[in-house]
Structures are given as C-alpha cells and as structure tokens.
Amino acid sequence: MAMTGRIRSTVPLLRKALCSDSRSGLYPALPELSRNYASVPAKEQKVKVPVTMYGVSGNYASALYISAVKANALEKVESELLDLIEASKKSPKFSQFMKDLSVPTETRVKAVTDISAQAKFGDLTKNFLVVLAENGRLKHIDAIAKRFAELTMAHKGELKATVTTVIPLPPEEEKELKETLQEVMGKGKKVNIEQKIDPSILGGLVIEFGQKVFDMSIRTRARQMERLLKEPINF
C-alpha cells in the first residue's frame, strides 16, 4: 500500500491544481474557429467547456464541443469522428492524405466533403472537417477526436485517468487510487482508470487525466536530483 499512500499524500496538490485550472472554461481563440459549424444556427446558449484544453487539438475540440452541445448532437458528432478515425486506420493511403500538406486546399476540401456524404455525416461534422481541411489541420484529427472524447466523457460526469507504472497495480491499490481521484474530482464524477506499463519510469507512477500530468516517477525524481547536484553551490 506504500504506493497508494504516496498517492493520497498528493491529494491537496491535485485539488489545488484543479481549482486553479477550473477558474475558466474558456480556451484561447483561433481565427478559423469563428465559423459556426452547423448549417442551421443553433439556439443561442452559453456553453462552458467541462475540461480546459490546450494546444491546437484542444482548441478545435473545445470549439466543436460547444457547437455540438448547442446543436444537441454531442453523441452523434463523437460517433462520426470515431468512425472517421477507424476508417483512416484501415486505409494508410487516406491517413497519409490527411497529413500531407502539399495537397491543394481545394482537393482536401472536396475529399472530406465527398467522404462526409458517403458516410452520411451530419452537417456539423462535415462543416468541421471542411474547416480543418481549409486550414491544413486534418493532420490533427486523431488528437482532436481524442480530446473531444474526453470532453464528452466529462460532459457525462466521467473522467478517464491513465496511470503509468512499472508493474500492474494490484486490484486493491487500483481501487484506492480510483477512490483518491474520485475524492479529488468531487461527487457526481465517475472515474475510469486505464493502466499503462512503462519500465523506463523506473518506479513510482505517472497520473494523467484531462490534459494534466502528475509525474511521481523515480525517473523524474532522479533527473530533478541530477539537475540539483549540477547547480553551483554558493557559500
């Protein structure tokens, strides 16, 4: 239980970090995100992003989330994005096409429009893909879909936490870790834990949820100690 004891000792730190990040559900604005992806204007309502996202994928996912909530199409959009990702995995040529910025914009737009029509995607997803194609962002679709899925989970009161350790967590420690994260997130949230094994962290654990990372691995502590030892000593 030593590992879980260390986890519990970080609860105040986790809570403080979460509170500081929850001060706003807004995301940095991108010029190309000003378009309403829905072909029919949705009823105006204020929508707050449940998890603050960062970077290109986070910004696009957040913008799509807001439009999807307003259009009451959250699950439909998520399903269509997942279908697109699965299709790209089965077709290396299609996957390469989305990453190739040398392809003319008109060609990219026509391709995603045709694909959306064939797959019978809704206007929201189709228009979103067109925006990505126009701005050379199709290469980020995998990351955007992942971020969007995280937002959808958060919308439903669910949280996916990825825990990386050297060896699998025993069932009792996984249970206590889940309870600890549940305590941090508060009542009404359901925590789902995904375990990853990575011997290179040497020991300890790394917890990732949302776009937050709490690194308590021996590898990171060793690197911090190494940097500290290299610093000049002032007498």
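Conventions and cut-offs
Numbering of residues starts from 1 in every chain and runs along the sequence as written. Thresholds applied to this predicted model are a pLDDT of at least 70 for local features of residues and 80 or more for the giving and counting of side-chain atom pairs; totals over whole chains, interfaces and linings are not thresholded and use all residues. As a rule here, side-chain values come from all non-hydrogen atoms in the structure, and water together with hydrogens is ignored. UniProt positions are given in the numbering used here, feature names are shortened, and annotations may be inferred rather than shown by experiment. Secondary structure counts use DSSP, requiring at least four H or I residues in a row for a helix and at least two E residues in a row for a strand, with both numbered from the N terminus. A simple rule labels every residue: compare its accessible area, found with a 1.4 Å probe on the protein chains alone, to the largest value its type can have, and call it buried under 20%, exposed over 50%, or partly exposed in between. The contact rule is simple, with two residues in contact once any of their heavy atoms fall within 4.5 Å. Reported accessibility uses the Shrake-Rupley method at a 1.4 Å probe radius. Residues are deemed covered only where the shown protein chains occlude them. One side-chain nitrogen of Lys or Arg within 4 Å of one carboxyl oxygen of Asp or Glu is enough to make a salt bridge. Paired strands, in this sense, are two strands between which DSSP finds at least two bridges. Only C-alpha atoms enter the line fits that serve as axes; for helices the fit covers just the stretch in contact. Angles between N-to-C directions range over 0 to 180 degrees. Multiplying 1.5 Å by the helix residue count minus one yields the expected span of that helix. By convention, a stacked pair of Phe, Tyr or Trp rings (six-membered ring in the case of Trp) has centres within 6.5 Å and planes under 30 degrees apart, an edge-to-face pair has planes over 60 apart, and any other such pair is tilted. Angles are sorted into four bins: roughly parallel if under 35 degrees, roughly antiparallel if over 145, roughly perpendicular if 65 to 115, and oblique for all others. Each residue gets one label: Ala, Val, Leu, Ile, Met, Phe, Trp, Tyr, Cys and Pro are nonpolar, Asp, Glu, Lys and Arg are charged, and the others, such as Gly, are polar.

- Going by an unreviewed UniProt entry, the protein carries the name ATP synthase F0 subcomplex subunit OSCP atp5 and comes from Datura stramonium.
- Here is the UniProt Subunit (unreviewed entry) comment for the protein, exactly as written: "F-type ATPases have 2 components, CF(1) - the catalytic core - and CF(0) - the membrane proton channel. CF(1) has five subunits: alpha(3), beta(3), gamma(1), delta(1), epsilon(1). CF(0) has three main subunits: a, b and c."
- According to UniProt, the comment filed for the protein under the heading Subcellular location (unreviewed entry) is "Membrane".

**A short note on the overall build of the protein**
Working step 1: Helix and strand counts for the protein stand at 10 helices and 4 strands.
Working step 2: Across the protein, helices and strands are ordered from the amino to the carboxyl terminus as α-α-α-α-α-α-α-α-β-α-β-β-β-α.
Working step 3: A buried classification covers 43% of the 235 residues belonging to the protein.
Working step 4: Counted over contacts in the protein with a minimum sequence separation of 6, partners at least 24 positions apart contribute 73%.
Working step 5: Of the accessible surface of the protein, which amounts to about 13,500 Å², a share of 56% is contributed by carbon and sulfur atoms.

**Quick notes on the pattern of salt bridges**
Working step 1: The full count for this structure, using the stated rule, is 7 salt bridges.
Working step 2: K110 is paired through a salt bridge with D114; the nearest N and O atoms lie 2.8 Å apart. In this pair, K110 and D114 are both assigned in helix α6 (residues 105-119), 4 residues apart and thus about one turn of the helix distant.
Working step 3: The closest approach of N and O atoms between E194 and K160, which form a salt bridge, is 2.8 Å. With E194 in strand β2 (residues 190-197) and K160 in strand β1 (residues 158-165), this residue pair connects regions lying 34 residues apart in the sequence.
Working step 4: Looking at E194, the relative accessible area reads 28%, which means it is partly exposed.
Working step 5: Taking the relative accessible area as the measure of exposure, K160 reaches 37% and is therefore partly exposed.

**A look at the sheet that holds β2**
Working step 1: In space, the 4 strands of this open sheet follow the order β2-β1-β3-β4, with mixed pairing throughout. Looking along the sheet, the strands with just one partner apiece sit at the ends: β2 and β4 (212-217). Recorded for the sheet is a direction-independent mean angle of 15° between the axes of neighbouring strands.
Working step 2: With 4 bridges joining them, β1 and strand β3 (residues 204-209) adopt antiparallel strand pairing. Pairing of V163 across the sheet is with I207, part of β3.
Working step 3: Where helix α10 (residues 218-230) meets the sheet, its contacts fall on β3 and β4, and the angle it forms with β4 comes to roughly 80°.

**Let's talk about helix α9 (residues 171-185)**
Working step 1: Spanning 15 residues, α9 covers 21 Å between terminal C-alpha atoms, matching the ideal 21 Å at 1.5 Å per step.
Working step 2: Of the residues trailing α9, G186 is marked for its positive phi of about 95°.

**What about the packing of aromatic side chains?**
Working step 1: All chains considered together, the criterion is met by 2 aromatic pairs.
Working step 2: Judged by centre distance (6.2 Å) and plane angle (70°), the rings of Y60 and F128 are edge-to-face. Placement of the pair is Y60 in helix α3 (residues 55-70) and F128 in helix α7 (residues 123-134), with a sequence separation of 68 residues.
Working step 3: Take F128: its relative accessible area is 0%, and that puts it in the buried class.

**Digging into the environment of E106**
Working step 1: Its location among the elements puts E106 in helix α6.
Working step 2: For the pair E106 and A133, spaced 27 residues apart in sequence, the C-alpha separation works out to 8.6 Å.

**Side note on the packing of helix α4 (residues 74-90) against helix α5 (residues 92-99)**
Working step 1: It is at 5 Å that the axes of α4 and α5 come closest, and there the two elements cross at 115°. With respect to each other, α4 and α5 are oriented roughly perpendicular. The segment α4 lies against α5, with L84, A87, S88 and K90 engaging P92, F94, S95 and M98.
Working step 2: Of the residues that constitute the contact of α4 with α5, the class distribution is 5 nonpolar, 2 polar and 1 charged.

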